[in-house]
Amino acid sequence: MTGIAAATLHDVLARLIRAGGSERAEAEAVAAHLVEANLVGHDSHGAIRAPKYLAWVAAGELLANRQATLAVDAGPLVVVDGGFGYGQVIGAEAMALAIGRARTHGLALVGIRNSGHLGRIGAWAEMLAEAGLVSVHFVNTSGYGILVAPHGATERRLSANPIAAGAPGPDGPIVLDIATSATAEGKIQVARNKGETLPPGVVLDGAGRPITDPEAFYRDPPGAILPFGGHKGSGLSVFCEILAGSLTGGGSSHAASPTAWRLVNNMLTLAIDPSRLGGAHDVGADIARLTDWVRSARPAVPGEPPLLPGEIERRTRTERLRNGIPLDRETMRQLAEAAAAHRVTLPFPLAEIA
Ligand code: NAD
């Protein structure tokens, strides 16, 4: 094994989150979500986040041990308030409601407002797909996560605003999970930690000039991320603001938002029970036919058929369960620093498990 075993990383992260004041179940849930993000290859939403979460808890931006409370409860229509608690807990509680309501009514529209960071949004689509549901998820950040320049502009107005969708597939969940920005901010952090450059055409500096140096993005005044696909990503991002922010009551991105001092995620989830629409037709059989059809296209690279959404994550997960999670040295240093600051005794020195 060349990386860190998932169970070891889970242990480190759970101890850290507990040291921030979380009860055991919350610390385990946060650690599990972060490790899963690393396992599927989204390091920007994995262990790298733990020191930040602890800093937010210490600053009172993120509150430990909160549960989702019902703000709207009207059959298939539900809105929960996250009370600025850990998104990993609030998200799981809201998705459990979505599963229950979709099974009762055939579909559920579940809003989450005022949650802490909801992490890798694909995790929520996966959870619903594993319960047999088809879902779409729109997320915005009504706190200080304003990072993205609208198409045609050079300064921040929107958030990274991810969209996810999931469906049960013939060989596991089909899960699309994308930020509407050309890159997720966490990936700029990862590039900075690794001392790597960014691809051209995704980030501007504070003066609105295109840059590839991640460090320049964080200077004062800070830079902006461009939307993916120009006007298309920009338009989708505006609808993340409307669906996740305006509709749920969590609010859209705005510098004058009352929550602009803390990071707040809001999410609108539409969950559909396909068995309630099928009957005369077999939804699962059609999805299976679609996956075969897509995979049968002549590959651009001989021997490498096109991948379905979620497939690359499944492959990375298998590989990282076998070989371990390759955490960069800067992330390890930050974890060690957080452990020291919170007087967390680890049963092993962090540097030695890399
Ligand atoms: P990305 O660009 O890596 O795209 C991932 C998606 O593309 C997945 O669905 C994946 O299966 C698919 N994919 C990747 N390579 C593929 C290929 N070769 N062929 C077919 N499909 C392929 O993801 P991203 O936009 O950088 O987002 C990264 C993560 O950041 C996501 O998990 C997202 O939820 C998360 N995020 C969270 C927030 C938040 O506020 N909580 C904000 C932004 C992003």
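Preceding this section is the structure that the text describes.
Now for a description of the structure that goes with this document.

The rules behind each value
Residues numbered from 1 in each chain as written. Predicted model: local features only at pLDDT ≥ 70, side-chain atom pairs only at ≥ 80, totals over all residues. Heavy atoms only, no water. Axes fitted to C-alpha atoms, helices over the stretch in contact; angles between N-to-C directions. Helix = DSSP H or I, 4+ residues; strand = E, 2+ residues; numbered from the N terminus. Parallel < 35°, antiparallel > 145°, perpendicular 65-115°, else oblique. Contact = heavy atoms within 4.5 Å. Nonpolar A, V, L, I, M, F, W, Y, C, P; charged D, E, K, R; others polar. Core = buried A, V, L, I, M, F, W, Y, C linked by side-chain atoms within 4.5 Å. Buried < 20%, exposed > 50% of the residue type's maximum accessible area, 1.4 Å probe, protein only. Patch = residues over 30% accessible without salt bridge, like charges linked within 9 Å, V, L, I, M, F, W, Y side chains within 5 Å. Areas by Shrake-Rupley, 256 points an atom, 1.4 Å probe, with all protein chains shown as cover. Salt bridge = Lys/Arg side-chain N within 4 Å of Asp/Glu carboxyl O. Pairing = 2+ DSSP bridges.

## Some points on the packing of helix α2 (residues 24–39) against helix α10 (residues 311–323)
A pair of packed helices is characterised by two quantities: the angle between their axes and the separation of those axes. One can describe the packing of α2 onto α10 by two numbers: an axis separation of 8 Å at closest approach and a directional angle of 105°. For the element pair α2 / α10, the angle class is roughly perpendicular. On the side of α2, the interface is formed by Glu-36, Asn-38 and Leu-39, while α10 contributes Thr-316, Arg-317, Arg-320 and Leu-321. Each residue belonging to the contact of α2 with α10 can be placed in one class, and the counts come to two nonpolar, two polar and three charged.

## Examining the nonpolar core
One finds Leu-9, Leu-13, Leu-16, Tyr-53, Tyr-86, Leu-327 and Leu-335 to be the most contacted residues of the largest nonpolar core, which totals 34 residues. Residue assignment for this core shows that the elements contributing at least two residues are α1 (6–19), α2, α3 (50–58) and α11 (329–341). When residues in this core are grouped by element, the largest group, seven residues, is from α1. Beyond its immediate chain neighbours, meaning those up to four positions away, Leu-9 contacts Ile-4, Val-35, Asn-38, Ala-47, Ile-325, Leu-327 and Leu-335. One finds Ile-99, Leu-118, Leu-128 and Val-175 within the second-largest nonpolar core, a separate group that totals 22 residues.

## Comments concerning a nonpolar patch on the surface
Taken together, the side chains of Val-238, Phe-239 and Ile-242 define a hydrophobic patch exposed on the protein surface, amounting to about 250 Å² of accessible area. Position of Val-238 relative to the elements: it lies in helix α8 (residues 231–246). A relative accessible area of 36% means that Val-238 is categorised as partly exposed.

## Some words on the sheet that holds strand β9 (residues 224–225)
The pairing of strands in a sheet comes from backbone hydrogen bonds and takes either a parallel or an antiparallel form. Read across the sheet, three strands follow the order β8-β7-β9 without closing on themselves; strand pairing throughout is antiparallel. Of all strands in the sheet, those bounded by a partner on one side alone are β8 (210–211) and β9. In the sheet, strand β7 (residues 203–204) pairs with β8 via two bridges, with the strands oriented antiparallel. Looking at β8, one finds that Val-203 is bridged to Ile-211.

## A short note on helix α6 (residues 185–194)
An α-helix turns once per 3.6 residues; consequently, residues spaced three or four apart project the same way. Judged by how many residues are buried, α6 sits mostly within the fold: seven of ten residues are covered. Residues of α6 that are buried: Glu-185, Gly-186, Ile-188, Gln-189, Val-190, Ala-191 and Asn-193. Buried residues in α6 make contact with α3, β7, α7 (214–217), β9 and α11. After α6 finishes, the residue Gly-195 shows a positive phi value of roughly 70°.

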